Amino acid sequence: MNWKQFTPKNVFLLVFGAVLFYCCLQNPQLVLSTIGFITGILLPFALGFAIAFIFNVPMKKIEAGLARRTRLRKKLLRPAAYFLTLVVVIGVLLLAFLVIIPELTATIRSLTVQIPKGLDNLLLLLDDMDVAWPQVETFMAQLELDWNNLGQKLLGALQTGAFGVVQSTFNIVGGIVSGFTTFFIGFTFSVYLLFQKETLIRQFKKLFYAFLPTAMADRLVYIGGLSATVFSNFLAGQCTEAVILGMMFFVSMLALRMPYALLVGVLIAITALIPIFGAFIGCIVGFFLIVVVNPMQALVFLVLFQVLQQIEGNLIYPHVVGGTVGLPSVWVLAAVSIGGSLMGIVGMLLFIPGCSVCYALLREQVGKRLEKRQIPSEKWTGETAASQRSKSPQHSDTDRK
């Protein structure tokens, strides 16, 4: 035992940690409320970081393009790139709403006509069946209503409901105000992050190298750069895959003369931003829209969805998104399944790039350890040294000579 480690500072930290852990075990509700309070404080900044990270992907390319093709001064490049990025993002959102809202309005009008017709047909079918329901008739005959008791209960329910409506209104208004405040603070924070990202990165590097061993600081800087690259590539690949899938549905539905082709294509493109399983949400909405107009076409739509989903899940997604994050196809599917099971939609979005970073780091360490232990490659490739030499170009040239 090394007694030199038991300095007064280490003993104090050990005792303080033990007491703090004991207090946390004794007051779990206080711990949870403290965590919730801290999370509420940090939520606007986490939202701002997410907005800045998303905006940084197109903004970086726009800024590089402006630097090559224009003569703007360096101080004006960043504001111009941010303004163009904001215009592009708002334009895409407005375009999506301009496509969805008119189609959705026409769909609602169509449903207001189709649903009453369907109900009328159902009532006519029930009348034609002319089937007696003795259980219902017996129940209605035995049913006796106490109107005085019913009136008192109705009055009490109205009083309770009125109080609940007022309370719910205040809660909704408070939630809306809190949401707008959080978004405003987060958006403002994202602007500062985007305009001062180089300064912030430099400051974090200085902190690492000032308080950590050099090797650990180098490792953290490398992992941070790798994570930023992987997450940026994943975001770009996910958006590309969503656009491809939405176009596939739009073109296929037009070719098959299905209704709501544009609306369903846009909905599937938006929901496909959720990895692999997001398109199922658009499928459910599309099915219910089509089944009211034509049930047979709704069944054809389900078959079409299965075909396109197989193409997207096995070919497009693993190669487009898996290629951008450097993760093999099988691990992309595994990351989506595990992330969705643990954290839902957020887990699906985070686990693919997160697993890609872990995969790259693990592959690097495996390569170093194999090289250090001098393990020949035929141990894991299954090929002998003679077969590898026969495949090499130099050996083939020697054989021909």
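The rules behind the values
- Residues numbered from 1 in each chain as written.
- Predicted model: local features only at pLDDT ≥ 70, side-chain atom pairs only at ≥ 80, totals over all residues.
- Heavy atoms only, no water.
- Helix = DSSP H or I, 4+ residues; strand = E, 2+ residues; numbered from the N terminus.
- Contact = heavy atoms within 4.5 Å.
- Areas by Shrake-Rupley, 256 points an atom, 1.4 Å probe, with all protein chains shown as cover.
- Buried < 20%, exposed > 50% of the residue type's maximum accessible area, 1.4 Å probe, protein only.
- Salt bridge = Lys/Arg side-chain N within 4 Å of Asp/Glu carboxyl O.
- pLDDT = per-residue confidence, 0-100.
- Patch = residues over 30% accessible without salt bridge, like charges linked within 9 Å, V, L, I, M, F, W, Y side chains within 5 Å.
- Axes fitted to C-alpha atoms, helices over the stretch in contact; angles between N-to-C directions.
- Parallel < 35°, antiparallel > 145°, perpendicular 65-115°, else oblique.
- Left-handed = near helix turned anticlockwise from the far one by under 90°.
- Nonpolar A, V, L, I, M, F, W, Y, C, P; charged D, E, K, R; others polar.

Chemist: Please clarify how the overall build of the protein should be interpreted in this entry.
Modeler: If you tally the helices and strands in the protein, you get 14 helices and 0 strands. Each helix and strand of the protein, ordered N terminal to C terminal, gives the series α-α-α-α-α-α-α-α-α-α-α-α-α-α. Of the contacts made within the protein by residues no fewer than 6 positions apart, 65% connect residues no fewer than 24 positions apart. Accessible area for the protein stands at about 28,300 Å²; split by element, carbon and sulfur atoms hold 72% of it.

Chemist: How do you make sense of the side chain of threonine 182 when you look at a structure like this?
Modeler: Note that threonine 182 resides in helix 5 (residues 147-195). By relative accessible area, threonine 182 is classed as buried at 17%. What threonine 182 contacts, discounting residues up to four positions off in sequence, is Leu43, Pro44 and Leu47.

Chemist: So what exactly am I meant to see when it comes to the pattern of salt bridges here?
Modeler: For side chains of opposite charge, pairing can occur when their charged atoms come near one another. This model, assessed by the stated rule, comprises 4 salt bridges. With a shortest N-O distance of 3.2 Å, lysine 368 and glutamate 364 are connected by a salt bridge. Pair noted here: lysine 368 and glutamate 364 are both in helix 11 (residues 329-373), with a separation of 4 residues, about one helical turn. Look at lysine 368 and you get partly exposed, because its relative accessible area is 45%. Judged by its relative accessible area of 22%, glutamate 364 is partly exposed. Overlapping salt bridges, with partners in common, bring together Glu63, Arg78 and Glu198 in one network.

Chemist: Sorry if this is basic, but what is going on with the confidence of the model for the protein here?
Modeler: Segments scoring low in pLDDT should not have their predicted coordinates read at a detailed level. For the protein, per-residue confidence averages 75 on the pLDDT scale, and residues scoring 70 or more make up 71% of the total. Ranking the elements of the protein by mean pLDDT puts helix 14 (residues 393-400) last, at 48, and helix 6 (residues 197-211) first, at 89.

Chemist: What exactly am I supposed to notice about a nonpolar patch on the surface here?
Modeler: Judged by side-chain polarity, Phe37, Ile38, Ile41, Leu42, Phe45, Phe184 and Ile185 come together as a nonpolar surface patch covering roughly 700 Å² of accessible area. For the nonpolar patch, the secondary-structure elements that each account for two or more residues are helix 2 (28-69) and helix 5. Examining the composition of the nonpolar patch, we find that 5 residues originate from one element, helix 2, more than from any other. Secondary-structure assignment places leucine 42 in helix 2.

Chemist: Just to check I follow, could you spell out the packing of helix 6 against helix 7 (residues 214-255) for this structure?
Modeler: The geometry of a pair of packed helices is captured by two quantities: the angle between their axes and the separation between those axes. The geometry of helix 6 relative to helix 7 is characterised by a closest axis approach of 7 Å and an angle of 155° between their N-to-C directions. By the angle class used here, helix 6 and helix 7 are roughly antiparallel. When the axes of helix 6 and helix 7 are compared, the crossing they make is right-handed. In contact with Lys205, Phe208 and Tyr209 of helix 6, helix 7 contributes Thr214, Ala217, Asp218, Leu220 and Val221.

Chemist: Help me out: how do you make sense of unusual backbone geometry in this one?
Modeler: The residue arginine 257 is not glycine, and still its phi comes out positive at about 55°. Topologically, arginine 257 is positioned in the loop between helix 7 and helix 8 (261-271).

Chemist: Help me understand the packing of helix 8 against helix 9 (residues 279-293), please; the structure alone is not making it clear to me.
Modeler: One can describe the packing of helix 8 onto helix 9 by two numbers: an axis separation of 7 Å at closest approach and a directional angle of 160°. In terms of orientation, helix 8 and helix 9 fall into the roughly antiparallel class. Taken as a pair, helix 8 and helix 9 cross one another with a handedness that is right-handed. Between helix 8 and helix 9, the residues in contact are Leu263, Val264, Leu267, Ile268 and Thr271 and Ala279, Ile281, Gly282, Cys283, Val285, Gly286 and Leu289, respectively. Within the contact of helix 8 with helix 9, the residues separate by chemical class into 9 nonpolar, 3 polar and no charged.

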